[in-house]
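Summary of the model geometry
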Amino acid sequence: MTDKLTVSVLGTGIMGAAMARNIARAGHTVRVWNRTRAKAEPLTADGAHVTGTPAEAVRDADVVLTMLHDGHAALEVMREAAPALRHGTAWAQSTTAGLDGIATLAGFAADHELVFYDAPVLGTRQPAEAGQLTVLAAGPAEHRATVAPVFDAVGARTVWTGEDGAAGSATRLKLVANSWVVAATAATGEVLALAEALGVAPDSFFDLIDGGPLDMGYLRAKSALVLEDRLSPPQFAVRTAVKDARLIVRAGADNGVRLDVAAASAERLERAAAQGHADEDMAAAYFASFDEQPPA
């Protein structure tokens, strides 16, 4: 293996575009594909090659990285890419696909003799653009040298969770982490909404918890997006958060755990999306607390 890899990135949304950009900046040859080609075109300025089909993108690639909306989309795109996939190609599957989804994708990899890495990432737009994501990864140790330069390009660290990507240990950890993110986001929105309803200045609350065990950077960051009307462009969009919240609830139910907070958070996110906030930051779940637009 040479130091310079050919990497195919399938899906150039908020996360995929940032990841592709950082892989190219690390000196690798990057081919990108997106269903809406116009969203991928800006990556040419960073040296990426925009392709017209998934098959064109993956031809002769050392590593294929998928960052699509969900497991179904990832499977559909990989099926389109299948005629050009080489046996033995490493596939870093970074879409948050859920437990059923990751099992199906791993099955596809086995059928096409790909080296499968379950590799979701933890982080949003800003850390993605800075190459500071946390990569959660599971896959065979003997081939990690192939994917490690890609993970190093997109992330500040890689947390290895196992050697069997098909077992989904990285996805399991991602769902647990995302359950905290979803819950914390919902709580942030409700705190701001209740303060609004009771005539309490948000700064009074922040001063009260300042520096104590109830204070947290995430609360302040998400609150600022709402209070300063900076919900667009999103760090992590409401529509994607809805999908992840539903995956979390299903994973719990399938394993005998009732996740009431996650279920309620999913409903809040869905209400916010129905109110027109689907493409805003997930902090816009704040608006789900109101039947009408809250006062300015």
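Above this text you will find the structure in question.
Quick notes on the rules
- Residues numbered from 1 in each chain as written.
- Predicted model: local features only at pLDDT ≥ 70, side-chain atom pairs only at ≥ 80, totals over all residues.
- Heavy atoms only, no water.
- Helix = DSSP H or I, 4+ residues; strand = E, 2+ residues; numbered from the N terminus.
- Buried < 20%, exposed > 50% of the residue type's maximum accessible area, 1.4 Å probe, protein only.
- Contact = heavy atoms within 4.5 Å.
- Polar contact = N/O pair within 3.5 Å; in protein donor to acceptor, adjacent residues only side chain to side chain.
- Patch = residues over 30% accessible without salt bridge, like charges linked within 9 Å, V, L, I, M, F, W, Y side chains within 5 Å.
- Areas by Shrake-Rupley, 256 points an atom, 1.4 Å probe, with all protein chains shown as cover.
- Salt bridge = Lys/Arg side-chain N within 4 Å of Asp/Glu carboxyl O.
- Axes fitted to C-alpha atoms, helices over the stretch in contact; angles between N-to-C directions.
- Parallel < 35°, antiparallel > 145°, perpendicular 65-115°, else oblique.
- Nonpolar A, V, L, I, M, F, W, Y, C, P; charged D, E, K, R; others polar.
- Phe/Tyr/Trp six-rings, centres within 6.5 Å; stacked < 30°, edge-to-face > 60°.
- Expected span 1.5 Å × (residues − 1).

Take the environment of Ala-45 next. Positionally, Ala-45 belongs in the loop between helix 2 (37-40) and strand 3 (49-50). Given the relative accessible area of 71%, Ala-45 is considered exposed. Along the primary structure Ala-45 and Arg-21 are separated by 24 residues, whereas in three dimensions their C-alpha atoms are 9.2 Å apart.

Looking now at helix 4 (residues 71-81). Within helix 4 the residues assigned to the buried category are Gly-71, Ala-73, Ala-74, Leu-75, Val-77, Met-78 and Ala-81. Looking at the buried positions of helix 4, the neighbouring elements they touch are strand 1 (6-10), strand 2 (29-33), helix 3 (54-58), strand 4 (63-66), strand 5 (90-93) and helix 5 (98-111). For helix 4, the N-terminal cap is Asp-70; the gap from its side-chain oxygen to the backbone nitrogen of His-72 is 3.4 Å.

Take a nonpolar patch on the surface next. Together, Leu-194, Leu-198 and Val-200 make up an exposed nonpolar region whose accessible area comes to about 290 Å². Mapped onto the elements, Val-200 comes out in the loop between helix 8 (169-198) and helix 9 (202-209).

The full count for this structure, using the stated rule, is 18 salt bridges. For the salt bridge of Glu-80 with Arg-35, the shortest nitrogen-to-oxygen distance reads 3.0 Å. You can see Glu-80 sitting in helix 4 and its partner Arg-35 sitting in the loop between strand 2 and helix 2, a full 45 residues away along the chain. Overall, the relative accessible area of 32% leaves Glu-80 in the partly exposed class.

Moving on, we come to the packing of helix 9 against helix 10 (residues 217-227). It is the contact of helix 9 with helix 10, at a shortest axis distance of 12 Å, that shows an interaxial angle of 170°. Viewed along their axes, helix 9 and helix 10 adopt a mutual orientation that is roughly antiparallel. Across the interface between the two elements, Pro-202, Phe-205, Phe-206 and Ile-209 from helix 9 touch Leu-219, Arg-220, Ser-223 and Leu-227 from helix 10. In terms of residue class, the contact of helix 9 with helix 10 is made up of six nonpolar, one polar and one charged.

Take the packing of aromatic side chains next. Inspection of the entire model under this criterion finds seven aromatic pairs. Ring geometry for Phe-205 versus Phe-206: centroids 5.6 Å apart, planes at 50°, classification tilted. By relative accessible area, Phe-205 is classed as partly exposed at 25%. Residue classification places Phe-206 among the buried positions, given a relative accessible area of 8%. Pairing Tyr-286 with Phe-287 gives two aromatic rings, centres 5.0 Å apart and planes at 70°, and the pair type is edge-to-face. There is no split in this pair, since Tyr-286 and Phe-287 are both buried. Aromatic rings pair up to connect Trp-91, Phe-108 and Phe-116 into one cluster.

A few words now on helix 11 (residues 238-254). Its 17 residues place the ends of helix 11 24 Å apart at the C-alpha level, agreeing with the 24 Å of an ideal helix rising 1.5 Å per residue. Here the buried face of helix 11 lies against helix 5, helix 8 and helix 12 (260-277). Just downstream of helix 11, Gly-256 is the residue with a positive phi angle, here 80°.

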